[in-house]
Amino acid sequence: MKYSPYMVTVVAVLGFALAWCQPAAGPPAVGSSESVPGPSSSELAAIIQAAVEDRNGTVLDTPPAPRLAEGQMTAAYRSKRDRDLEVVARSKAGFKSMGFWYTSFSTKVTVESVEVTGSEASVRFKELTEEHQSSTANGPSSVPSGYSLPQIATFRVSGDGWQLDSIAPTVHGGGLPMSVVDG
């Protein structure tokens with residue numbers, strides 16, 4: 001089959017034009033969703049569970065060792081956690097001066113939604129916690145106090161994987177548990 005010089009020219013020009021319409025080859029841009037593997041809901045839930053249990057443990061008379069690894073949190077989260085510890089310590093001292101202290105707790109975290117946008121993730125979850133306390137007057141209580149608290153956790157990706165950047169209640173004001181410092 002023979003092609004006319006006109007047809008060959010049209011095909012060549014069309015080929016060059018289409019080539020210019022293609023995206024540039026090369027590695028994905030930093031921060032694009034292609035360069036960041038998405039986190040699993042269970043991975044984020046495990047980090048949140050450890051963080052919330054660490055936070056709740058701060059109100060106990062004898063706090064347990066933290067479970068959240070340094071590589072699982074950003075510097076911003078670590079800094080807020082350290083500031084919150086001072087507030088919780090004052091509240092805990094005031095509670096104890098009235099003859100009460102917490103002896104144990106159990107916490108369940110339920111993830112309600114996960115939204116990933118590039119190198120950030122937002123997780124809506126609900127914390128259900130029961131706490132046992134003791135008092136100078138009555139000793140240990142067999143009836144726990146409890147609360148359910150909706151919260152949002154934010155994560156950022158780093159070379160170490162997904163790191164917790166913040167946890168904040170979605171309700172604000174009075175009535176928050178002693179371990180939760182708003183703001």
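Predicted model only: the values in this text are computed from it and were never measured.

Asker: Any chance you could explain the overall build of the protein here in plain terms?
Answerer: Broken down by element type, the protein carries three helices and five strands. Relative to its 183 residues, the protein shows a buried fraction of 30%. Sequence separation of at least 24 residues holds for 61% of the intrachain contacts in the protein that already meet a minimum separation of 6. Of the roughly 11200 Å² that the protein leaves accessible, carbon and sulfur atoms contribute 61%.

Asker: Help me out: how do you make sense of the environment of Ala 137 in this one?
Answerer: Relative to the helices and strands, Ala 137 resides in the loop between strand 2 (120–135) and strand 3 (139–140). Owing to a relative accessible area of 70%, Ala 137 belongs among the exposed residues under this scheme. Taking the C-alpha atoms as reference, Ala 137 lies 8.8 Å from Phe 100; in sequence the two are 37 residues apart.

Asker: Looking at this model, I keep getting lost on the pairing of strand 5 (residues 161–169). Mind explaining?
Answerer: Note on strand geometry: in a regular strand, side chains alternate between the two faces of the sheet. Bridging between strand 4 (residues 145–158) and strand 5 involves eight bridges; their strand directions are antiparallel. By the bridge assignment for strand 5, Thr 154 is matched with Ser 166. Counting the residues in the hairpin turn of strand 4 and strand 5 gives two residues.

Asker: I tried to follow the packing of aromatic side chains on my own but got confused; where do I start?
Answerer: Under the counting rule described, the total for this entry stands at two aromatic pairs. Centre to centre, the rings of Phe 95 and Tyr 102 are 5.1 Å apart; their planes meet at 20°, and the pair counts as stacked. Tyr 102 carries the same exposure label as Phe 95, and that label is buried. Following the ring pairs from residue to residue traces out a cluster consisting of Phe 95, Phe 100 and Tyr 102. Lys 96 extends its terminal NZ or CZ atom over the ring of Trp 101, reaching a point 5.4 Å from the ring centre.

Asker: Explanation requested: the nonpolar core in the structure shown.
Answerer: Considering soluble globular proteins, one finds that nonpolar side chains tend to be buried as a cluster. One finds Ile 48, Leu 68, Ala 153, Phe 155, Leu 164 and Ile 167 to be the most contacted residues of the largest nonpolar core, which totals 18 residues. Of all the secondary structure elements, the ones that give two or more residues to this core are helix 2 (41–57), strand 2, strand 4 and strand 5. Among the elements that take part in this core, helix 2 stands out by supplying six residues, more than any other. In this view, Leu 164 contacts Ile 47, Ala 51, Leu 68, Gln 72, Met 73, Thr 74, Tyr 77, Ala 153, Thr 154 and Phe 155; residues no more than four positions away in its chain are not counted. Membership of the second largest hydrophobic core comes to six residues, among which are Val 59, Leu 60, Val 88 and Phe 95.

Asker: Would you mind going over the environment of Pro 39 with me for this structure?
Answerer: Examined against the element boundaries, Pro 39 turns out to sit in the loop between helix 1 (5–21) and helix 2. You can call Pro 39 buried: its relative accessible area is 13%. C-alpha separation for the pair Pro 39 and Gly 161, spaced 122 residues apart in sequence, amounts to 8.5 Å. In contact with Pro 39, not counting residues within four places along its chain, are Leu 44, Val 116, Ala 121 and Trp 162.

Asker: When you look at the confidence of the model for the protein in this model, what are you seeing that I'm missing?
Answerer: Caution is warranted with low-pLDDT regions, since their predicted coordinates should not be read in detail. Chain-level pLDDT for the protein is 83 on average; 80% of the residues reach the 70-or-more range. Counted against residues more than four places away or in other chains, residues 3–34, with its pLDDT under 50, gives eight contacts.

Asker: What is the right way to look at the side chain of Ser 135 in this model?
Answerer: Mapped onto the elements, Ser 135 comes out in strand 2. Among the residues examined, Ser 135 registers a relative accessible area of 8% and is labelled buried.

What counts and how
Residues numbered from 1 in each chain as written. Predicted model: local features only at pLDDT ≥ 70, side-chain atom pairs only at ≥ 80, totals over all residues. Heavy atoms only, no water. Helix = DSSP H or I, 4+ residues; strand = E, 2+ residues; numbered from the N terminus. Buried < 20%, exposed > 50% of the residue type's maximum accessible area, 1.4 Å probe, protein only. Contact = heavy atoms within 4.5 Å. Areas by Shrake-Rupley, 256 points an atom, 1.4 Å probe, with all protein chains shown as cover. Pairing = 2+ DSSP bridges. Phe/Tyr/Trp six-rings, centres within 6.5 Å; stacked < 30°, edge-to-face > 60°. Lys NZ or Arg CZ within 6 Å of the ring centre and 35° of its normal. Core = buried A, V, L, I, M, F, W, Y, C linked by side-chain atoms within 4.5 Å. pLDDT = per-residue confidence, 0-100.

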